[in-house]
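For reference, the chains in residue letters:
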Amino acid sequence: MRIAISTGGGDAPGLNAVIRAAVLSAINRGWEVLGVRRGFAGLLGEDEVVPLTKESVRGIAHMGGTILRTTNRGNPFHYPVKRADGTYSEIDRSDELIENARRFGIDALISIGGDGSLEIAQRLCDKGMRIVGVPKTIDNDVSGTITTFGFDTAVNTALEAIDKLHTTAESHSRVIVMEVMGRHAGFIALHSGLAGTADVILIPEIPYDIEKVCEKVMARDRAGRHFSIVVCAEGAFPKGGEISTMGLSLPGQAHRVGGICDSIARQIGDITGKETRSLVLGHLQRGGQPTGYDRLLATRFGGAAVRGIELEKWAHMVALQSPHVVYVPLVEALREPKRVDPDHDVVRTARETGISFGD
Ligand code: F6P
C-alpha cells in the first residue's frame, strides 16, 4: 500500500501533527508514504512528491506551519495560466493530476484542507481517486465536525492580544477595535471576545448598527469605564451594508476579506468623540505552536485518516463528533458552510453578560 498526503489552502497550527500521526500510523502498518508538496502542485509537476519516513516527521508535532508547504492557489479544476499580456485564463488539469498520482503508484490520498481543498477532493473522488479528507481551518467554518484543528490556537492568540489591549486601552481611556480572521464566519471573534470579556463583538452572522456600538461605548463611559474593547470579525458588516475586501484577488484565489476595523474605529471616534485605535491581528492567528487541544485533535485526525483508508472511506472526511472521531461524507460536509447560530448559548451568554453585538 502506498499512500500520499497533501496540505492545501491557508495553513493552520496542527497540520504537522496530522502529518506526523498519519505517517507513523501508515508506516507502522507496513505502508509507504509520499508527501505531495505545496497543495496539489507536486502532482501537477509544479513541485515535488517526496518520500515521508519516520525520520521526516520526527519532532514536528509541536511546530506550526506544514513541512509539506501549502498554497491557496492552483485549484486543478481551475488552474490559472498567465497569458503573454499578463492576464490569466483557467484550465482544467484534474486528469493530469489523476494520471500523475497513478504514475507515482499512489493507492490513496489524505487531503488535509479547508472547504476549498475538500471540494477539490470531492471532485477528484467523483473522477475515481481514492481520498480521505481531513478538515483544517482556523475559521472553524466546516460543517459536520464540532471543530477543526487550528481554531483553538487562533482563539488563544486572539485572547492573548485582547488581554494586552485591555491594559493599554484602560490606561489611555481609548476604544480599541481589533479585527480577527474567520472570513464569513464569526467563531474566532465570538469565542475570543467572550473569553476575553470584550465589550462589543461584531460578527458576519449579526450585522451591526454603528450607533448601537457607540451606545454601548458611551454607556460604559457614563458608568466610569472610560475604555472599551471591540472585537470584530474581518467578515463583519453593517446592516444593509457590504463586507469589506482588500486588494485584488488573484486567479484561483478567494477574495481577501478584511480591513473593516479601521473604518469602525474612525466611525466610533466621530460619533462618540473618544480617542480610538485599531489593530488587524492578521496572520499571527495562523502561526505558532498549536495548543494542546489542537495538537491532540490533529493527531487523532491523522490516525483516523489512515484508519479511514483501511476502511475505504473514500470521499469522506474525518470529523469530531464528541467524544468520537467519525467519518462524514464530503458532500454532506460541503453542503453548507458552518456559521455562528445567533441563538447559540455562546451568543446568549455574551449578551447576558453585557456584551453588545451592535444590533
Ligand atoms: O481561511 C483561513 C484564513 O486565515 C481566513 O481567516 C483569512 O481570511 C484568509 O485565510 C487569509 O488568507 P491569506 O493567507 O491568503 O491572506
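The structure reproduced in this document is the subject of the present report.

The rules behind the values
- Residues numbered from 1 in each chain as written.
- Predicted model: local features only at pLDDT ≥ 70, side-chain atom pairs only at ≥ 80, totals over all residues.
- Heavy atoms only, no water.
- Helix = DSSP H or I, 4+ residues; strand = E, 2+ residues; numbered from the N terminus.
- Rg over C-alpha atoms; globule rule 2.2 N^0.38 Å.
- Buried < 20%, exposed > 50% of the residue type's maximum accessible area, 1.4 Å probe, protein only.
- Contact = heavy atoms within 4.5 Å.
- Near = heavy atom within 4 Å.
- Polar contact = N/O pair within 3.5 Å; in protein donor to acceptor, adjacent residues only side chain to side chain.
- Axes fitted to C-alpha atoms, helices over the stretch in contact; angles between N-to-C directions.
- Parallel < 35°, antiparallel > 145°, perpendicular 65-115°, else oblique.
- Left-handed = near helix turned anticlockwise from the far one by under 90°.
- Nonpolar A, V, L, I, M, F, W, Y, C, P; charged D, E, K, R; others polar.
- Salt bridge = Lys/Arg side-chain N within 4 Å of Asp/Glu carboxyl O.
- Pairing = 2+ DSSP bridges.

**Focus on the overall build of the protein chain**
Step number 1: Helix and strand content of the protein chain: 10 helices and 13 strands.
Step number 2: The C-alpha radius of gyration computed for the protein chain amounts to 22 Å, which stays within 12% of the reference 21 Å derived for 359 residues, consistent with globular compactness.
Step number 3: Along the longest, intermediate and shortest principal axes, the C-alpha atoms of the protein chain span 70 × 50 × 35 Å.
Step number 4: Counting across all 359 residues of the protein chain, residues that qualify as buried make up 53%.
Step number 5: Contacts in the protein chain between residues far apart in sequence, at least 24 positions, make up 72% of those at least 6 positions apart.

**Points about the site of the ligand**
Step number 1: In the vicinity of the ligand, the contacting residues are Asn72, Ile138, Asp139, Met181, Gly182, Arg183, Glu234, His283 and Arg286.
Step number 2: Note that an oxygen atom of the ligand is positioned 2.7 Å from one of the side-chain N or O atoms of aspartate 139.
Step number 3: Between the ligand and arginine 286 there is a distance of 2.8 Å, counted from an oxygen atom to a side-chain nitrogen or oxygen.

**Observations regarding the packing of helix 4 (residues 151–172) against helix 5 (residues 187–195)**
Step number 1: Remark: helix 4 packs on helix 5, axes separated minimally by 9 Å, with the N-to-C direction vectors making an angle of 50°. When the axis of helix 4 is compared with that of helix 5, the two are oblique. Remark: the crossing between helix 4 and helix 5 carries right-handed chirality. From helix 4, Phe151, Ala154, Val155, Ala158, Leu159 and Ile162 reach across to helix 5, where they touch Phe187, Ile188, His191, Ser192, Gly193 and Ala195.
Step number 2: Taken together, the residues that form the contact of helix 4 with helix 5 break down as 9 nonpolar, 3 polar and no charged.

**Observations concerning the pattern of salt bridges**
Step number 1: Enumeration over the complete set of coordinates arrives at 18 salt bridges.
Step number 2: When the shortest N-O distance is used, the salt bridge between arginine 2 and glutamate 32 registers 3.1 Å. With arginine 2 in strand 1 (residues 2–7) and glutamate 32 in strand 2 (residues 32–36), this pair connects stretches of sequence that are 30 residues apart.
Step number 3: Owing to a relative accessible area of 26%, arginine 2 belongs among the partly exposed residues under this scheme.
Step number 4: Its salt-bridge partner being arginine 58, residue glutamate 55 comes within 2.9 Å of it at the nearest N-O pair.
Step number 5: It is possible to trace a salt-bridge network through shared partners that takes in Arg37, Arg38, Asp47 and Glu48.

**Points about the sheet that holds strand 1**
One key point about sheets: their strands pair by backbone hydrogen bonds, in either a parallel or an antiparallel sense.
Step number 1: Within the open sheet, the 7 strands sit side by side as 3-2-1-6-7-12-13. Their pairing is mixed. A strand with exactly one partner marks an edge of an open sheet, and here the two such strands are strand 3 (49–51) and strand 13 (324–329). The mean inter-strand angle of the sheet, taken between neighbouring strand axes irrespective of direction, is 30°.
Step number 2: With 5 bridges connecting them, strand 6 (residues 108–113) and strand 7 (residues 131–135) associate as parallel partners. Along strand 7, the bridge assignment pairs isoleucine 110 with valine 132.
Step number 3: Strands strand 1, strand 2, strand 6 and strand 7 of the sheet are contacted by helix 1 (residues 15–27), whose axis makes an angle of about 180° with strand 1.

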